[in-house]
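Each chain, letter by letter, is given below.
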Amino acid sequence: MRIGQNTSAEGFILFQRLEQIGDLVRAPQPELDGLALSADPPEITLLSVATLIRLECPYDALPWPIASSRGEGPILAARETIELDRLSGRKTATPGPTMTETLLATTLLPAYDEVGMERGIGKALTAGEIEAGLLWDETQCDLTAAGLVALEDLGARFAKYQGGLPVPLRVVAVRRDVTDQVRPRLETELKAAMEWFEAARDDAVAACAAAVDAPREAVDAYLQRVLDSQARLDSAEFQAALEVLREYNEADYYAANGRF
C-alpha cells in the first residue's frame, strides 16, 4: 500500500506513524495532487481540497484531522510592496492549479502573470526570479528573515468576503476502492499522531523542523496556523467553506476584491 506524504510540516506530523501501514511516497503537495489524478493513484494520500472537489477525483476525505486556515495564510509575498491592482504583468508564482491556495489566489486577487512552481517559491522570490509569489507552507512564517514583505493574506481575505469562514486546505484522503479495513487503523494512527503533537509539542516541532529543514520558529508558527485539533471537515462551517470553494472552482473568471 502506498501513502502520499507531502514535504511540508503538516505531512511530517500527520503521517509520521503511517510507515506501519504502508510505504510512504514523499513529494511536494502539487506532485501528490497530480499523482492522485493519475492512472495509478496511491491508496492513501494527503490531498488538496481543490483536488478533492474535482469530479474525477477518486478519493473520499476523512473528516479529521485536516490542514486549514482560520484567517491566517497563505501569504502573497514579494521583495517590495506592490499594490494588488498592479499585479497585472508581474511574474507571480503559485504552486499550481491543483492546490487550494492557487484556487484562492485565482478567485480573490486581480489578474496577474501566473508562473507555476511546485516548489521553491520563497527561494525564487529572494533570488529575484519572480516578482511576487504565493507562500503556502512554513515559508509564509519566515518573511523577515527572507527579506520579503506580505502583500496579502488570502486566508484573511477569504474570511472577509465569506462571513468569517475558515479555509479547508488539505485532507487525508482514502481511495474509494480501498477496503474498509484500512480506514479504522488509519484513523487510529492519525489520532495517535495528533495526540503526540498536542502532548509533546516542543519535541514534535523540533523533530519536524529537522525533518523539513526549516527554522524551528517558522515551523512552530505554521503548525499553529494549519493544525487545529478542533477543525473538522464535516462541521457546519467547513461544509459551508467547501461549498464556496466549489463555486470558486466552477468560475471561469477572475473575481477581484470579493466579486464572485
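About the cut-offs
- Residues numbered from 1 in each chain as written.
- Predicted model: local features only at pLDDT ≥ 70, side-chain atom pairs only at ≥ 80, totals over all residues.
- Heavy atoms only, no water.
- Helix = DSSP H or I, 4+ residues; strand = E, 2+ residues; numbered from the N terminus.
- Rg over C-alpha atoms; globule rule 2.2 N^0.38 Å.
- Buried < 20%, exposed > 50% of the residue type's maximum accessible area, 1.4 Å probe, protein only.
- pLDDT = per-residue confidence, 0-100.
- Contact = heavy atoms within 4.5 Å.
- Axes fitted to C-alpha atoms, helices over the stretch in contact; angles between N-to-C directions.
- Parallel < 35°, antiparallel > 145°, perpendicular 65-115°, else oblique.
- Nonpolar A, V, L, I, M, F, W, Y, C, P; charged D, E, K, R; others polar.
- Phe/Tyr/Trp six-rings, centres within 6.5 Å; stacked < 30°, edge-to-face > 60°.
- Pairing = 2+ DSSP bridges.
- Core = buried A, V, L, I, M, F, W, Y, C linked by side-chain atoms within 4.5 Å.

Description of the overall build of the chain
Item 1. The helix and strand inventory of the chain stands at 11 helices and 10 strands.
Item 2. A globule of 260 residues ought to have a C-alpha radius of gyration of about 18 Å, and the chain, at 17 Å, matches this closely.
Item 3. When its C-alpha atoms are laid out on the principal axes, the chain stretches across 50 × 40 × 35 Å.
Item 4. Taken across its 260 residues, the chain has 54% of its residues classed as buried.

Some words on the confidence of the model for the chain
Item 1. For the chain, per-residue confidence averages 93 on the pLDDT scale, and 97% of positions sit at 70 or higher.
Item 2. Scored below 50 in pLDDT, residues 253-260 shows 23 contacts in the model against residues more than four places distant or in partner chains.

Description of helix α4 (residues 100-108)
Helical geometry: 3.6 residues make up each α-helical turn, so side chains three or four residues apart lie on a common side.
Item 1. Judged by how many residues are buried, α4 sits mostly within the fold: 8 of 9 residues are covered.
Item 2. Taken together, the buried positions of α4 are T100, E101, T102, L103, L104, A105, T107 and L108.

Some thoughts on unusual backbone geometry
Item 1. In this structure, the amide linkage connecting W64 to the following residue, P65, adopts the cis form with an omega of -5 degrees.
Item 2. Tracing the chain through its elements places P65 in strand β4 (residues 59-69).
Item 3. In the segment running from G73 into P74, the intervening peptide bond is cis, with an omega of 0 degrees.
Item 4. Structurally, P74 can be placed in the loop between β4 and β5 (75-78).
Item 5. For D213, which is not glycine, the phi torsion reads 55 degrees and is therefore positive.
Item 6. Tracing the sequence through the fold places D213 in the loop between α9 (201-212) and α10 (216-226).

Side note on the packing of helix α8 (residues 182-199) against α9
Item 1. At a minimum axis distance of 5 Å, the contact between α8 and α9 shows a crossing angle of 110 degrees. Relative to α9, the element α8 lies roughly perpendicular. Across the interface between the two elements, W196, F197, E198 and A199 of α8 pack against R201, A204 and V205 of α9.
Item 2. Considered class by class, the residues forming the contact of α8 with α9 number 5 nonpolar, no polar and 2 charged.

As for the packing of aromatic side chains
Each aromatic ring pair is specified by the distance between its two centres and by the angle formed by the two planes.
Item 1. Across all of its chains, the model carries 1 aromatic pair by this definition.
Item 2. Each ring, one from F158 and one from Y248, has its centre 5.9 Å from the other, and the planes form 80 degrees; the classification is edge-to-face. Here F158 is found in helix α7 (residues 154-161), whereas its partner Y248 is found in helix α11 (residues 236-250), with 90 residues between them in sequence.
Item 3. Looking at Y248, the relative accessible area reads 4%, which means it is buried.

So, the sheet that holds strand β8 (residues 132-135)
Item 1. With mixed pairing, 5 strands are arranged side by side in an open sheet as β7-β6-β8-β5-β9. Each of the sheet's edge strands pairs with one partner strand only, and the pair in question is β7 (113-116) and β9 (149-153). Going across the sheet, the axis of each strand differs from the next one's by a mean of 30 degrees, ignoring polarity.
Item 2. With 4 bridges connecting them, strand β6 (residues 91-94) and β7 associate as parallel partners. Bridged to K91 within β7 is D113.
Item 3. Those strands touched by α7 are β8 and β9, and its axis lies near 25 degrees from that of β9.

A short note on the sheet that holds strand β10 (residues 167-175)
Item 1. Across the sheet, which stays open at both edges, the 5 strands sit in the order β2-β1-β3-β10-β4 with mixed pairing between neighbours. A single partner strand is all that each edge strand has here, and the edge strands are β2 (23-27) and β4. Looking at each pair of strands side by side, their axes are set apart by 30 degrees on average, direction ignored.
Item 2. Here strand β1 (residues 2-6) pairs with β2 via 5 bridges, running parallel. Looking at β2, one finds that N6 is bridged to A27.
Item 3. Strands β1, β2, β3 (44-48), β4 and β10 of the sheet are contacted by helix α2 (residues 29-36), whose axis makes an angle of about 115 degrees with β3.

Describing the nonpolar core
Item 1. Formed by 73 residues in total, the largest nonpolar core has its most connected members in F158, V172, L186, V219 and L223.
Item 2. In contact with F158, not counting residues within four places along its chain, are L104, L108, L165, P166, V167, A241, V244, L245 and Y248.
Item 3. A77, A124, L125 and I130 belong to the second-largest nonpolar core, a separate cluster that totals 11 residues.

Description of the environment of G120
Item 1. Structurally, the position occupied by G120 is in the loop between β7 and α5 (121-126).
Item 2. The partly exposed category is assigned to G120, whose relative accessible area is 36%.
Item 3. Expressed as a C-alpha distance, the spacing of G120 and T139, which sit 19 residues apart in the sequence, is 9.5 Å.

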